[in-house]
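Summary of structural features
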Amino acid sequence: MYLLTFDWNPITGLDIIGNFKLHFYSLMWMVAFVVGWFIMKRIFTKEKVSLDYLDPLFIYTVLATMIGARLGHVLFYQSELIFEDFFSIFLPFSFKNGIEFTGFLGLASHGAAIGIIIGMYLYRKKYNYKSLLWILDRVVISVASGAVFIRIGNFINSEIIGKITDSAFGVRFIQDEYYKNQIVQLTGIKDVQKAYNAVTDNPQFIELLNAVPYRHPAQLYESFCYIFVFLILWYFYSKTEKRNQTGFLFGLFLILLWTIRFFVEFVKEPQGDEYINWFGLNTGQWLSIPFIIIGLYFMFVYKPKTSTK
């Protein structure tokens, strides 16, 4: 019996010119980066680090996150793009059926994490004012805040959906159930958004609506949990001396975020081909385990060889 349910059929963006559409998902990424910039500015100001280093850090973080997330998705979940639509890996367009602006719809958090670590290493090589772990200990606070908005963007896009559920809380993702061409054909309405709206608003199409199953809003589960990851990290940074323990905040971030990801995977649908599916655990869960182990190492084992500045 469903106690709290709703149908999810939003507009996913704003049509600007021709085939160009400004996706709300992209806006959530922008919000994530801007909020992260302000958090890092506050940290730099608090610790009397020159703000001249802030904008380069922002640029490295944006590029590392986007490149890592995109390559991670392709390698871990959608490797067929390498042969079927190679340029869509690096450009926000699909070239399979003409040229269509899509934005970067396939982004993997595991790839983003690896990208950020590599990006911070390269940044530290050029701007040698603090240790790499000092930077990572603070950047992860911004990353945690950004993860909240990214998962909201996924929810708006009806992607990374949850498994079918008969629990009290379920969402019917209309746009995930019916593809654009399919919904136009089923309703006879040429305008895609109007066709989707007809499914939820027009009793004539009640059978199409009833065919959509209720699912876990896995994106919202993650987003809600990441709020607490951010708050916990901020507490340890601002209220305790753990901010001075090199690697502690970085390790804590890895443990919290990837433990959440590990358990939420139990209620999520596969994001692509499951290349790893051992002992009942999927690709996302197996990829999360190494991050958790690394986090435990930095929290409880790692000792810096030399003092940092």
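Parameters at a glance
- Residues numbered from 1 in each chain as written.
- Predicted model: local features only at pLDDT ≥ 70, side-chain atom pairs only at ≥ 80, totals over all residues.
- Heavy atoms only, no water.
- UniProt positions renumbered as here; feature names shortened; annotations may be inferred.
- Helix = DSSP H or I, 4+ residues; strand = E, 2+ residues; numbered from the N terminus.
- Contact = heavy atoms within 4.5 Å.
- Polar contact = N/O pair within 3.5 Å; in protein donor to acceptor, adjacent residues only side chain to side chain.
- 1 Å grid on protein atoms, 1.4 Å probe; cavity = no way out; pocket = protein on both sides within 12 Å on 5 of 7 lines; lining within 4 Å.
- Points joined across faces, edges and corners; volume = space filled by probe spheres on them.
- Core = buried A, V, L, I, M, F, W, Y, C linked by side-chain atoms within 4.5 Å.
- Buried < 20%, exposed > 50% of the residue type's maximum accessible area, 1.4 Å probe, protein only.
- Expected span 1.5 Å × (residues − 1).
- Arc of directions from axis to C-beta.
- Patch = residues over 30% accessible without salt bridge, like charges linked within 9 Å, V, L, I, M, F, W, Y side chains within 5 Å.
- Areas by Shrake-Rupley, 256 points an atom, 1.4 Å probe, with all protein chains shown as cover.
- Salt bridge = Lys/Arg side-chain N within 4 Å of Asp/Glu carboxyl O.
- Lys, Arg positive; Asp, Glu negative; His and termini not counted.
- Charge placed at Lys NZ, Arg CZ, Asp CG, Glu CD.
- Phe/Tyr/Trp six-rings, centres within 6.5 Å; stacked < 30°, edge-to-face > 60°.

An unreviewed UniProt entry annotates the protein as Phosphatidylglycerol--prolipoprotein diacylglyceryl transferase of Mariniflexile jejuense. Under the heading Sequence similarities (unreviewed entry), UniProt records this for the protein: "Belongs to the Lgt family." Under the heading Pathway (unreviewed entry), UniProt records this for the protein: "Protein modification; lipoprotein biosynthesis (diacylglyceryl transfer)."

Re the UniProt feature "binding site: a 1,2-diacyl-sn-glycero-3-phospho-(1'-sn-glycerol)" (unreviewed entry) in the protein
With numbering matched to this structure, UniProt assigns "binding site: a 1,2-diacyl-sn-glycero-3-phospho-(1'-sn-glycerol)" (unreviewed entry) to Arg151. For Arg151, the position within the fold is in helix H5 (residues 132-156). Those residues in contact with Arg151, other than ones at most four positions away along the chain, are Ser109, Ile160, Gln219, Glu222, Ser223, Tyr226, Arg261 and Lys268. Polar contacts involving the side chain of Arg151 include one to the side chain of Asn154, which spans 2.6 Å.

Some words on the UniProt feature "transmembrane region" (unreviewed entry) in the protein
Per the UniProt record, "transmembrane region" (unreviewed entry) is found at residues 24-45, 57-78, 98-123, 135-156, 218-236, 248-264 and 284-302. Measuring from the first to the last C-alpha atom of residues 248-264 gives 24 Å, for a span that is 100% helix and 0% strand. Between the C-alpha atoms that bound residues 284-302 the distance is 26 Å, and the span itself is 89% helix and 0% strand.

Focus: empty space enclosed by the protein
Take a probe with the size of a water molecule and roll it over the atoms, and the empty space left behind shows itself. Evaluated as defined, the whole model comprises three cavities of 30 Å³ or more. Approximately 620 Å³ is the volume attributed to the largest cavity. Residue lining of the largest cavity: 38 residues in total, with Thr65, Ile116, Val143, Gly146 and Ala147 positioned closest to the centre. Elements represented by at least two residues in the lining of the largest cavity include exactly helix H1 (24-46), helix H2 (54-76), helix H4 (109-126), H5, helix H10 (218-239) and helix H11 (248-264). The leading source of residues in the lining of the largest cavity is H5, at ten residues.

A short note on the nonpolar core
Nonpolar side chains in soluble globular proteins tend to end up buried together. Core analysis: the largest hydrophobic core is formed by 44 residues, its most contacted members being Ile43, Phe44, Leu57, Ile135, Ile141, Leu233 and Phe253. When contributions to this core are tallied by element, the ones reaching two or more residues are H1, H2, H4, H5, H10, H11 and helix H12 (283-300). Here the element with the most residues in this core is H11; it accounts for eleven residues. Leaving out residues up to four positions away in the same chain, Ile43 has contacts with Arg138, Ile141, Trp234 and Tyr237. Listed in part, the eleven residues of the second largest apolar core include Ala195, Ala198, Val199 and Phe205.

Here we look at unusual backbone geometry
Of note in this structure, Lys48 is not a glycine but carries a positive phi near 60°. Relative to the helices and strands, Lys48 is located in the loop between H1 and H2. Phi at Ile160 is positive, roughly 55°, even though this residue is not glycine. For Ile160, the location among the structural elements is in the loop between H5 and strand E6 (169-173).

Concerning H10
If you check H10, its first and last C-alpha atoms are 31 Å apart, about what 22 residues at 1.5 Å a residue would give, namely 32 Å. Turning to H10, its buried residues are Ala218, Gln219, Glu222, Ser223, Tyr226, Val229, Phe230, Leu233, Trp234 and Tyr237. Burial along H10 is one-sided: seen end-on, the buried residues are contained in an arc of 135°. Across H10 from its buried face, at more than 90 degrees, point the exposed residues Phe224 and Lys239. Buried positions along H10 lie against H1, H5, E6 and H11.

Quick notes on a positive patch on the surface
Residues Arg42, Lys46, Lys48 and Lys239 make up a contiguous surface patch of positive charge. Looking at the element boundaries, Lys239 is found in helix H10. Exposure remark for Lys239: the relative accessible area of 65% places this residue in the exposed category.

Some points on the environment of Ile160
Given a relative accessible area of 14%, Ile160 falls into the buried group. When the C-alpha positions of Ile160 and Gly146 are compared, they lie 17 Å apart, and in sequence the two are 14 residues distant. Filtering out sequence-adjacent residues up to four positions away, Ile160 remains in contact with Arg151, Asn154, Ala218, Gln219, Lys268 and Gln271.

A word on the packing of aromatic side chains
Evaluation of the coordinates by the stated rule reveals 32 aromatic pairs. Ring geometry for Phe263 against Phe266: centres 6.3 Å apart, planes inclined by 40°, an arrangement best described as tilted. Pairing Phe279 with Trp286 gives two aromatic rings, centres 6.4 Å apart and planes at 55°, and the pair type is tilted. Given a relative accessible area of 78%, Phe279 falls into the exposed group. Note on Trp286: relative accessible area 23%, which makes it partly exposed.

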